[in-house]
Amino acid sequence: MLRNDITVAIRNAVMSELAEVGYGRLSIEAVARRAGVGKTAIYRRWSNKLEMVLEIITDVAGRKVPVPDTGSFADDLDLLMMIVSRALQHRVASQIIPDLMAEAARNPQIAETLQRVLRLHQQSVGEKLVGQAIARGELPEGTDADVAVDLILGPLYWRLAVSRQPIDGDYLEKLAAAVLGSLRGGSAKSK
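Residues numbered from 1 in each chain as written. Predicted model: local features only at pLDDT ≥ 70, side-chain atom pairs only at ≥ 80, totals over all residues. Heavy atoms only, no water.

Within an unreviewed UniProt entry, the label attached to the protein chain reads Transcriptional regulator, TetR family, and the organism entered is Actinoplanes regularis.

Below is the structure:
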């Protein structure tokens, strides 16, 4: 196997192990076995389990969700909610996210890494999505992008990752209408 292929195999094995057994029970031995490599291949790249997981999670969590630009904030909102809800319902993500959030409560390094990566990504989504809507005159000037992203993503995260309830019927449509109404009403303006 080439060096890059080995790294990809290890990264995939880490994600599978995290989904299957969680961070607490994840072991370098199990990752090596699943990746089809020796433990030395892992230790050449990372010095310990925490370092390995943090780097891989940072990479995965930092991947950009495509920010829609359909020409309409309502359509952008619908599309973004669909993309995020599908991502949160992904078989692997739906297992890893709650586990890592629980670990973050016990491990400050995991907490700091997740907060940094997710907040940076959320800010970029919010600034682009809200900025486009303000420029088109669809949202009031001064709409707070951080609050908007919290309104958009918070309910999806809560429903799918915390309470683990399915999204059925017209839930996304109702949620989008509620978010849109709140943002258009100016209740999310920066001070």
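### A word on the UniProt feature "DNA-binding region" (unreviewed entry) in the protein chain
Within the UniProt annotation, "DNA-binding region" (unreviewed entry) is assigned to residues 27-46. Structurally, residues 27-46 is divided into 65% helix and 0% strand, and its ends, taken at the C-alpha atoms, are 13 Å apart. (UniProt positions renumbered as here; feature names shortened; annotations may be inferred. Helix = DSSP H or I, 4+ residues; strand = E, 2+ residues; numbered from the N terminus.)

### Brief notes about the environment of Y23
The residue Y23 is located in helix α1 (residues 3-25) in this model. Sequence separation between Y23 and L100 is 77 residues, and the spatial gap between their C-alpha atoms is 7.0 Å.

### Re the pattern of salt bridges
Scanning the entire structure with this criterion turns up 14 salt bridges. Taking the shortest distance from any N to any O, the salt bridge between E112 and R116 comes out at 3.3 Å. A residue pair is termed a helical-turn pair when its members lie 3 or 4 positions apart in one helix, as E112 and R116 do in helix α7 (residues 108-135) at four residues. Across the salt bridge formed by E138 and R136, the nearest N and O atoms sit 2.6 Å from each other. With a relative accessible area of 19%, E138 lands in the buried category. By relative accessible area, R136 is classed as partly exposed at 30%. Among the charged side chains, a network of salt bridges with common partners joins D69, D76, R136 and E138. (Salt bridge = Lys/Arg side-chain N within 4 Å of Asp/Glu carboxyl O. Buried < 20%, exposed > 50% of the residue type's maximum accessible area, 1.4 Å probe, protein only.)

### So, the layout of surface pockets
Unoccupied space between atoms shows up once a probe the size of one water molecule is rolled over them. Taken as a whole, the largest pocket spans an internal volume of roughly 1,200 Å³. In terms of lining, the largest pocket is formed by 37 residues, of which the most central are V60, A61, L88, I97 and L118. Those elements that provide at least two residues to the lining of the largest pocket are α1, α4 (49-61), α5 (73-89), α6 (91-106), α7 and α8 (145-162). Along the lines of polarity and charge, the residues of the lining of the largest pocket split into 26 nonpolar, six polar and five charged. (1 Å grid on protein atoms, 1.4 Å probe; cavity = no way out; pocket = protein on both sides within 12 Å on 5 of 7 lines; lining within 4 Å. Points joined across faces, edges and corners; volume = space filled by probe spheres on them. Nonpolar A, V, L, I, M, F, W, Y, C, P; charged D, E, K, R; others polar.)

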